[in-house]
Amino acid sequence: MEYQIKRAMSVRKIITGLMIASFLVSLVYSYFSASSVSHAASSVSHTAHRISLSAGLNGQTSGMQEHDHMTSGRKGEENMKNKTSKVLPLLSCDLNDYRSDVCEIYSNVRIHGNSSSIFYSSDKTMNLKENRTWTIKPYTRKYDSYVIENVRAVTIKPLYASAEAPKCNLYHNITAVVFSKGIYAGKNFFHDFSDVLVPLFITARQFEGEVQILMADFQPIWIEKHKKFFNQISNYEIIDFNQENQVHCYPRAIVGLYSHNDFTVDPSRTPNNYSMLDFARLMRRTYSLEREFAANLVEGSKKKPRLLIIARNRTRKLLNIGEVIAVGEELGFEVAVNESSLHTNVEDFARMVNSFDVMLAVHGAGLTNEVFLPTNAVVIQIVPLGNLHWISYNFYGIAPTKMMLKYLQYCISEEESTLIYLYPRDHAVFTDPDSIHKQGWAALDKIYLSQQSVKVNITRFKPILARALELLGDRNFNVASQELLFCPN
């Protein structure tokens with residue numbers, strides 16, 4: 001009997017203990033549920049891309065406006081983490097690249113554009129060398145001494161190094177990209193792409209729109225010209241960096257643009273292995289270009305392949321363009337001539353170019369329009385006299401093959417150049433072009449690019465157009481071809 005009583009009391013104690021434990025678990029669950037709801041409410045309340053602040057270094061806010069996407073804003077950082085197994089530093093600067101200097105900041109970033117100052121949270125455990133102040137010129141042609149002198153330097157400082165660190169006026173929960181447009185973009189269509197649009201794609205496409213552009217040397221007309229492209233890169237307004245007096249604060253910033261070469265993308269150096277083909281596809285999407293593929297002659301379509309000749313009206317003119325049109329039509333092309341300028345509407349011209357199968361032009365910015373051609377189309381570049389084959393290929397010959405286009409390069413002879421009417425045939429212009437090159441870009445530009453026009457030998461040139469037809473019949477999309485004809489090795 002005594003044993004049964006003790007056993008009953010033990011059972012009661014166990015039951016009581018279980019009830020108390022259950023009650024405690026309920027309390028804990030209720031506490032964390034309430035916290036989660038509170039956190040969710042807090043997250044909802046912080047749906048502002050720009051948040052007005054009156055706080056100091058603690059980052060407390062006093063008001064909010066507009067909208068934000070906190071999760072999306074971290075996509076770029078997550079992609080970067082996938083590229084490296086190392087822990088991200090607070091600040092990382094690459095000043096050794098030939099084309100551009102770039103600093104990436106992964107902490108509390110404060111940007112005051114008008115003073116060209118950027119502050120970041122320092123780590124006092126780091127040594128002084130790692131925590132130093134950096135000064136860079138965020139432009140993609142740092143090797144060009146003429147233009148880099150006119151680019152305003154940006155100073156990047158650790159917050160502890162400045163006793164008067166600016167207070168945040170506007171808080172953004174996305175990444176900032178700060179760079180200079182430079183002076184060439186807006187004056188030359190090639191430089192629009194080579195200096196800004198392609199490097200911006202390389203640098204900012206990874207963020208899928210959750211990035212804000214802060215542009216120095218801001219030019220509203222030029223921004224409007226490429227507005228549709230910028231809208232593909234960023235969901236937010238572009239800030240005029242030089243004129244901005246407000247202090248903008250971001251969790252991450254990239255100062256400068258990555259640039260791999262003139263008008264091309266190296267997939268091995270991009271966060272998501274983006275390529276020049278991806279850039280071309282983005283352009284098609286930007287301007288709603290309908291044709292994905294050029295004419296397929298293998299299928300025996302009765303529709304004639306279309307040849308577009310990009311004309312030039314000042315320098316490097318194709319003087320016998322009428323003869324070229326005639327031989328093109330003789331071979332079976334439908335031929336059209338058009339000319340682009342700084343004032344050309346990009347969208348309209350892009351759609352026009354996309355309707356052609358072959359594009360032909362003398363070396364110049366008009367060839368940049370190859371980015372709008374459909375896959376498997378053919379690009380023909382006529383290279384003026386003066387050992388310009390390497391410049392021509394580097395500017396306009398690398399990109400086509402990366403975009404699954406066919407590329408033909410035709411180097412003219414002395415007899416096809418108007419320079420024979422300006423200089424004696426024993427002049428260094430003909431006998432030693434390298435000596436002109438060694439005099440610098442100004443001499444090269446004056447003689448070979450500005451004084452020269454072209455009159456192709458039709459007998460010599462006709463096989464080039466015939467070859468373009470053959471290439472349109474080559475449906476091997478996995479191997480983009482390139483042929484440099486009559487050009488030095």
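Model, not experiment: these values are computed from the prediction. (Residues numbered from 1 in each chain as written. Predicted model: local features only at pLDDT ≥ 70, side-chain atom pairs only at ≥ 80, totals over all residues. Heavy atoms only, no water.)

Undergrad: I tried to follow the environment of S180 on my own but got confused; where do I start?
TA: Along the polypeptide, S180 turns up in strand 9 (residues 175-180). Looking at S180, the relative accessible area reads 2%, which means it is buried. A C-alpha to C-alpha distance of 5.6 Å links S180 and P138, two positions 42 residues apart in sequence. Apart from the residues lying within four places of it in its own chain, the contact partners of S180 are P138, Y139, V151, A216 and D217. (Helix = DSSP H or I, 4+ residues; strand = E, 2+ residues; numbered from the N terminus. Buried < 20%, exposed > 50% of the residue type's maximum accessible area, 1.4 Å probe, protein only. Contact = heavy atoms within 4.5 Å.)

Undergrad: What is the right way to look at the sheet that holds strand 9 in this model?
TA: Whether parallel or antiparallel, the strands of a sheet pair through hydrogen bonds between backbone atoms. What the 6 strands build is an open sheet, ordered 2-3-13-9-10-11; its pairing is mixed. Both edges of this open sheet fall to strand 2 (91-94) and strand 11 (239-240), since each of them pairs with a single strand only. In the sheet, strand 9 pairs with strand 10 (residues 211-216) via 6 bridges, with the strands oriented parallel. The partner of V177 across the bridge, within strand 10, is I213. Contacting strand 9, strand 10 and strand 13 (252-255), helix 5 (residues 189-204) crosses the sheet at an angle of about 155° to strand 9. (Pairing = 2+ DSSP bridges. Axes fitted to C-alpha atoms, helices over the stretch in contact; angles between N-to-C directions.)

Undergrad: Can you walk me through the sheet that holds strand 14 (residues 306-310) in this structure?
TA: One open sheet accounts for 6 strands, arranged 15-14-16-17-18-19; its pairing is parallel. Of all the strands in the sheet, just strand 15 (334-338) and strand 19 (482-485) have a single pairing partner and so form its edges. On average, adjacent strands in this sheet sit at an angle of 15° to one another, irrespective of strand direction. Note that strand 17 (residues 378-383) and strand 18 (residues 406-411) share 6 bridges and pair parallel. Bridged to Q381 within strand 18 is Q409. Across the sheet, helix 9 (residues 321-331) touches strand 14, strand 15 and strand 16 (358-362), and the angle it forms with strand 15 is around 155°. Across the face of the sheet, helix 10 (residues 346-354) comes into contact with strand 14, strand 15 and strand 16 while running at roughly 135° to strand 14.

Undergrad: Looking at this structure, how should I read the environment of W390?
TA: Relative to the elements of secondary structure, W390 occurs in helix 11 (residues 389-396). A relative accessible area of 51% places W390 in the exposed class.

Undergrad: Can you walk me through the environment of R141 in this structure?
TA: Topologically, R141 is positioned in the loop between strand 6 (134-136) and helix 4 (145-148). For R141 and S194, which are 53 residues apart along the polypeptide, the C-alpha to C-alpha distance reads 9.6 Å. Non-local contacts of R141, meaning those with residues more than four positions away in its chain, are made with R99, V147, I148, Y184, H191, D195 and D262.

Undergrad: In this structure, what is going on with the confidence of the model for the chain? I would like to understand it.
TA: Where the model shows low pLDDT, its predicted coordinates should not be examined in detail. Per-residue pLDDT for the chain has a mean of 82; in total, 76% of the residues score no lower than 70. Counting contacts from residues 1-9, a segment whose pLDDT is below 50, to residues more than four positions away or on other chains yields 0 contacts. Overall, residues 27-86 carries pLDDT values under 50, and its contacts beyond four positions in sequence, including any with other chains, amount to 98 contacts. (pLDDT = per-residue confidence, 0-100.)

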